[in-house]
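Structural overview
The primary structure of each chain is shown beneath.
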Amino acid sequence: MSDEQFSSVIAPLLGSLVTLASKILKSHDLASDAVQEAALGLWLEEQWPPNPRAWLIRAVIYRSLHMARSRARRRKHEALAGAERQESCDRDDPSRLLESQDLHRELLEALKELSPEHRDIFVLKFVEEWDYEAIAGKLQIPLGTVRSRLNRSRNSFRITVLQFLPDGCESRVNKERAMR
């Protein structure tokens, strides 16, 4: 059969075939796929059936039912697999990134509140992870001064940070501090 003959048989039926498949599949896109598969099946037939219209209607119904069953099975198995193995990852949560950026900004603001000599010691100790002797050598100040400035900078930083933490965090921080 030529392309023109095939088109003349298929074209008038397409709308009703898609409507038929849509009723079964509840999706216009999937219905179009089912009709396309049925039309391809007819095109590939070596010998055309005596009634191509009836053949197409039956083929669309069978393909639609098959697609509906396949989708239902897939959903069932995906739901079971999802229930058995939770693979959600907080790392990819966009709100987590925003919270992290907010926290970073607030911590930098809290660091800016410290005086320069207290900030230098705080950064060397807690960011760079230097020991007391190395800090004293770097800043050319006595070891006792390093310890007292570090203690004052820690307390000032804690007070500043507690101001922007949500309610209830201060008591939790104080409990953890008392346990040490």
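Scroll up for the structure.
Residues numbered from 1 in each chain as written. Predicted model: local features only at pLDDT ≥ 70, side-chain atom pairs only at ≥ 80, totals over all residues. Heavy atoms only, no water.

**Describing the overall build of the protein chain**
When helices and strands are counted, the protein chain shows nine helices and zero strands. Starting at the N terminus and walking to the C terminus, you meet the elements of the protein chain as α-α-α-α-α-α-α-α-α. Out of the 180 residues in the protein chain, the part that is buried amounts to 24%. When the accessible surface of the protein chain is summed, it comes to about 13300 Å², and 52% of that surface belongs to carbon and sulfur atoms. (Helix = DSSP H or I, 4+ residues; strand = E, 2+ residues; numbered from the N terminus. Buried < 20%, exposed > 50% of the residue type's maximum accessible area, 1.4 Å probe, protein only. Areas by Shrake-Rupley, 256 points an atom, 1.4 Å probe, with all protein chains shown as cover.)

**So, a nonpolar patch on the surface**
The grouping of Leu40, Trp43 and Leu44 at the surface amounts to a nonpolar patch, some 320 Å² of accessible area in total. Its location among the elements puts leucine 40 in helix 3 (residues 28–44). (Patch = residues over 30% accessible without salt bridge, like charges linked within 9 Å, V, L, I, M, F, W, Y side chains within 5 Å. Salt bridge = Lys/Arg side-chain N within 4 Å of Asp/Glu carboxyl O.)

**Details of the pattern of salt bridges**
In the structure shown here, the tally under the stated rule is two salt bridges. Aspartate 102 serves as the salt-bridge partner of arginine 105, at 2.8 Å between the closest nitrogen and oxygen. Residue arginine 105 and its partner aspartate 102 are both found in helix 5 (residues 94–113); the two are separated by three residues, about one turn of the helix. Across the pair glutamate 109 and lysine 112 runs a salt bridge whose closest N-O atoms are separated by 3.7 Å. Here glutamate 109 pairs with lysine 112, and both are found in helix 5, just three residues apart, close to one helical turn.

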